[in-house]
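These are the residues of each chain, in order.
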Amino acid sequence: MEVCIFERANRVLRKVEVSGGGRCNCTNTFAEVSDLKQVYPRGHRLLKRLFKDFGPKDAYAWFEQHGVRLTTQEDQCVFPASQDSHTIINMFLAEARRHRIAIKTGTKISSLDGLRQDFDFIVVTTGGSPRKEGLTWLGQEVVTPVPSLFTFSIDDDGLKSLMGTVVQEAAVHIPGSKLRTTGPILITHWGMSGPAVLRLSSYAARELADHDCHLPLCVNWACATEAEVQQELSKVAMRNPGKQVGGMHPFDLPARLWSYLAGKCLGARSQCRWQDINKKEMNRLTNILTNDCYEIAGRAAFKDEFVTCGGIALSAVDAATLESKTTPHLYFAGEVLDIDGTTGGFNFQAAWTTAHTVARAIARTAEER
């Protein structure tokens with residue numbers, strides 16, 4: 001086949017280049033994923049079907065067969081062993097040259113009419129669009145895009161003074177909803193980040209967009225129940241009766257965070273001894289550890305984190321081939337579809353899987369012709 005890639009930017013694969021801090025988290029082992037819904041808020045049913053033909057293990061093998069040695073981290077995220085996204089970029093470019101694939105950069109496509117005259121098949125892999133208008137020209141049913149996978153801006157000077165603090169396992173949720181995620185949290189100079197926050201932004205993308213990203217946020221810093229927290233605090237008090245409350249940090253919380261939380265709920269009393277803490281104050285400590293509330297004041301988006309929820313409706317494409325149901329020989333792959341995942345290599349895996357599905361479908365159709 002004669003293949004041509006049209007790229008609006010001045011070079012291809014820029015998102016691959018910046019992903020994972022320049023290391024490219026190209027996939028995930030999925031070893032800790034029991035249900036795809038855990039990592040794909042949208043599109044999990046379709047991907048479950050498509051993974052049978054080309055899933056994470058197939059992608060891993062494909063990269064290594066094409067000269068990209070991979071390595072797996074403890075969190076099951078997969079990166080090039082070189083820890084450099086250019087290893088993957090260079091491989092793709094080399095494959096393009098080997099197959100004599102033409103790459104035309106700086107080329108904006110705003111209509112399919114001209115392409116239909118020159119090409120038998122058209123595949124749209126433009127990625128997500130921040131606005132619905134960016135996709136309607138394709139003439140397909142579109143699910144309105146909204147931001148997903150971003151960090152939270154929080155106007156709390158006390159919290160932001162803890163920038164750089166990491167809690168390895170915490171839970172975050174939107175009060176009054178079932179939206180809840182767990183994982184590491186990073187406190188930043190603008191608010192909160194980390195896998196738990198990014199995952200919550202993904203699952204709550206629609207709700208956050210409906211409220212202009214202004215919703216309450218509650219954090220369970222101990223990632224434990226109230227009963228478990230109360231029991232642990234009682235043990236700390238019994239073992240350290242003569243020590244200051246603010247000086248002893250339970251649940252291995254960072255000392256600065258515990259001092260902030262104790263001061264937030266007890267004020268000057270956080271400097272008293274554990275033996276002097278009364279039942280009401282113990283309840284306050286329990287509550288702030290399990291239900292510490294803030295107000296999300298907006299999103300802090302970065303190119304390596306930003307993903308869109310929405311895109312070409314999955315009902316508009318054939319589930320087996322990803323071909324448009326209304327426009328023959330027009331296919332869609334990647335984030336342009338209404339498929340998006342949480343952080344951890346899941347969005348790239350969806351891209352590889354849907355691209356493979358489309359390529360196989362086109363090959364079969366071409367052979368039949």
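Predicted model only: the values in this text are computed from it and were never measured.

**Points about the overall build of the protein chain**
Tallying secondary structure elements over the protein chain gives 13 helices and 15 strands in all. Summarising its shape, the C-alpha atoms of the protein chain cover approximately 85 × 40 × 35 Å along the three principal directions. For the protein chain, the residues scored as buried account for 47% of the 369 residues in total. Residue pairs in contact within the protein chain that sit at least 24 positions apart in sequence constitute 74% of those at least 6 positions apart. Accessible area for the protein chain stands at about 18,600 Å²; split by element, carbon and sulfur atoms hold 49% of it. Charged side chains in the protein chain number 42 positive and 41 negative. The centres of these two groups are separated by 2 Å.

**Observations regarding the packing of helix α10 (residues 226-239) against helix α12 (residues 279-290)**
Close contact between α10 and α12 brings their axes to 9 Å; oriented N to C, the two are set at 130°. Relative to α12, the element α10 is oriented oblique. Of the two possible hands of crossing, α10 and α12 adopt the one that is right-handed. Residues Glu 226, Val 229, Gln 230, Leu 233 and Ala 237 of α10 pack against Met 282, Asn 283, Leu 285, Thr 286, Leu 289 and Thr 290 of α12. For the contact of α10 with α12, a count of residues per class yields 6 nonpolar, 4 polar and 1 charged.

**A few points about the state of the cysteines**
Counting across every chain of the model gives 1 disulfide. Through a disulfide, Cys 218 is tied to Cys 293; the S-S separation comes to 2.4 Å. Because the torsion about its S-S bond is 80°, the bridge between Cys 218 and Cys 293 counts as right-handed. Pair noted here: Cys 218 is in strand β12 (residues 216-220) and Cys 293 is in strand β13 (residues 292-300), with a separation of 75 residues, a long-range link. Left without a disulfide partner, Cys 265 is nearest to the cysteine sulfur of Cys 272, which lies 11 Å away. Its sulfur unpaired, Cys 309 is 13 Å from the next cysteine sulfur, which belongs to Cys 213.

**Concerning a nonpolar patch on the surface**
Taken together, the side chains of Met 1, Val 3, Ile 5 and Ile 103 make up a nonpolar region of the molecular surface, amounting to roughly 350 Å² of accessible area. Position of Val 3 relative to the elements: it lies in the segment before β1 (4-6).

**Some details on α10**
Relative to the 20 Å expected for 14 residues at 1.5 Å per residue, α10 spans 20 Å between its end C-alpha atoms, a close match to the ideal helical length. In this structure, the buried residues of α10 make contact with α11 (255-266) and α12.

**Notes on the sheet that holds strand β4 (residues 77-80)**
With antiparallel pairing, 3 strands are arranged side by side in an open sheet as β2-β4-β3. Each edge of the open sheet carries a strand with a single partner, namely β2 (27-28) and β3 (70-72). As paired elements, β3 and β4 share 3 bridges and run antiparallel to each other. What sits directly across from Leu 70, in β4, is Pro 80. Against the sheet, helix α3 (residues 56-65) makes contact with β2, β3 and β4, and its axis sits at roughly 140° relative to β3, the strand it touches most.

**A few points about the sheet that holds strand β9 (residues 166-173)**
The sheet built from 6 strands closes into a barrel, its strands ordered β8-β11-β10-β9-β12-β13 with antiparallel pairing. Going across the sheet, the axis of each strand differs from the next one's by a mean of 50°, ignoring polarity. Sheet topology note: the strand β8 (residues 151-154)/β13 ladder contains 4 bridges and is antiparallel. Paired with Ser 153 across the bridge in β13 is Gly 298. Contacting β9, β10 (180-187) and β13, α11 runs over the sheet at an angle of about 120° to β13. Here α12 sits on the sheet in contact with β12 and β13, set at roughly 110° to β12.

The rules behind these values
Residues numbered from 1 in each chain as written. Predicted model: local features only at pLDDT ≥ 70, side-chain atom pairs only at ≥ 80, totals over all residues. Heavy atoms only, no water. Helix = DSSP H or I, 4+ residues; strand = E, 2+ residues; numbered from the N terminus. Buried < 20%, exposed > 50% of the residue type's maximum accessible area, 1.4 Å probe, protein only. Contact = heavy atoms within 4.5 Å. Areas by Shrake-Rupley, 256 points an atom, 1.4 Å probe, with all protein chains shown as cover. Lys, Arg positive; Asp, Glu negative; His and termini not counted. Charge placed at Lys NZ, Arg CZ, Asp CG, Glu CD. Axes fitted to C-alpha atoms, helices over the stretch in contact; angles between N-to-C directions. Parallel < 35°, antiparallel > 145°, perpendicular 65-115°, else oblique. Left-handed = near helix turned anticlockwise from the far one by under 90°. Nonpolar A, V, L, I, M, F, W, Y, C, P; charged D, E, K, R; others polar. Disulfide = S-S within 2.5 Å. Patch = residues over 30% accessible without salt bridge, like charges linked within 9 Å, V, L, I, M, F, W, Y side chains within 5 Å. Salt bridge = Lys/Arg side-chain N within 4 Å of Asp/Glu carboxyl O. Expected span 1.5 Å × (residues − 1). Pairing = 2+ DSSP bridges.

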